[in-house]
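# Structural overview
Each chain, written out:
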Amino acid sequence: MPRESSALPAAVLFDMDGTLVDSEAYWMRAEHEIVAAHGATWTHEDALGAVGQALLTTGGMLRDAGVPLEPAEIVAWLVDRVNEQLREAVPWRSGVLELLGDLRAAGVPCAIVTMSYRSQAQVVADGAPAGTFAHLVTGDGVTHGKPHPEPYLVAADLFGARPEDCVAIEDSGPGITSALASGARTLGVPAEVPVPPRPGLSRAASLKQIDLDVLCRIASGEVVDLLG
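Okay, so let's go over this structure.

What counts and how
- Residues numbered from 1 in each chain as written.
- Predicted model: local features only at pLDDT ≥ 70, side-chain atom pairs only at ≥ 80, totals over all residues.
- Heavy atoms only, no water.
- Buried < 20%, exposed > 50% of the residue type's maximum accessible area, 1.4 Å probe, protein only.
- Helix = DSSP H or I, 4+ residues; strand = E, 2+ residues; numbered from the N terminus.
- Pairing = 2+ DSSP bridges.
- Right-handed = clockwise from strand over helix to strand, strands pointing away.
- Phe/Tyr/Trp six-rings, centres within 6.5 Å; stacked < 30°, edge-to-face > 60°.

### Quick look at the pairing of strand 4 (residues 166–170)
Successive side chains on a regular strand alternate, one facing one side of the sheet and the next facing the other. A large share of strand 4 lies buried, amounting to five of its five residues. Side chains Cys166, Ala168 and Glu170 of strand 4 all project onto a buried face; the interleaved residues Val167 and Ile169 project onto the opposite face, where all are buried too. Alignment of strand 1 (residues 11–14) against strand 4, held across four bridges, turns out to be parallel. The partner of Phe14 across the bridge, within strand 4, is Ile169. Here strand 4 runs beside strand 5 (residues 185–188); their pairing, made up of four bridges, is parallel. Within strand 5, the position partnered with Glu170 by the bridge is Gly188. Handedness of the β-α-β unit built from strand 4, helix 8 (residues 173–182) and strand 5 comes out right-handed.

Now the structure itself:
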């Protein structure tokens, strides 16, 4: 049975890079820096192909592109470099802080569900008002990363909720696949890559279009497409 349309989500589960923060540019800069340091080649198309992937997958892609390090070593370097940039400025995406404020005022708990590592998610969480994020589910805390459903299943379980009573917000193909496979009501908001329509997927051009009413509609099982 669908939830009542007026019912708030049990929790809202936010992807981080490209959804909460416009940090994909930070990742791409770090990727280009490490390949340049080793005389390898990494195109913009390669960088787009890494969006939303588990970090060790990205590390393997960079190794295959010619960086002579193990994937875990590459990831450690990337994480440190992106963290440096985040400490200088957390680049919140448009509409994020307003939506988080509305959710906080309504008593709807939130989590970050990201394939970035906990050290990085903590930097972002610390840049939000205290108590904004009840849980962090990160790439170094799960066995199977996105596009596997485990990250979102773990997040829902932390709230003692069914995935279908939660709304997940994502920007990338692997993340959307993960969220939908978990059973979570899923909203795709494009950042670096387009979000094509999929069965059961709600879409918006920006989080500025999303308020509590829209989230309630999505939580009820309605597919809301604001991209057209």
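### Points about the pairing of strand 1
Alternating residues of strand 1 divide into Ala11 and Leu13 and Val12 and Phe14, and every residue in both groups is buried. Of the pairings in the sheet, the one linking strand 1 to strand 2 (residues 110–113) comprises three bridges and is parallel in character. Bridge pairing links Phe14 to Ile112 in strand 2.

### A few points about unusual backbone geometry
Residue Lys146 is joined to Pro147 through a cis peptide bond whose omega torsion reads 15 degrees. Positionally, Pro147 belongs in the loop between strand 3 (135–137) and helix 7 (150–158).

### A word on the packing of aromatic side chains
The final tally for this structure, using the stated rule, is one aromatic pair. A ring pair is formed by Phe14 and Phe133, whose centres lie 6.5 Å apart and whose planes are at 85 degrees; its orientation type is edge-to-face. Of this pair, Phe14 sits in strand 1 while Phe133 sits in the loop between helix 6 (118–126) and strand 3; the two residues are 119 residues apart in sequence, bridging distant segments of the chain. Accessibility expressed as a relative area gives 1% for Phe14, which makes it buried. Taking relative accessible area as the criterion, Phe133 reaches 13% and is therefore assigned buried.

### Considering helix 7
Burial in helix 7 covers these residues: Glu150, Pro151, Tyr152, Ala155 and Ala156. Immediately downstream of helix 7, the backbone of Gly160 shows phi near 65 degrees, a positive value.

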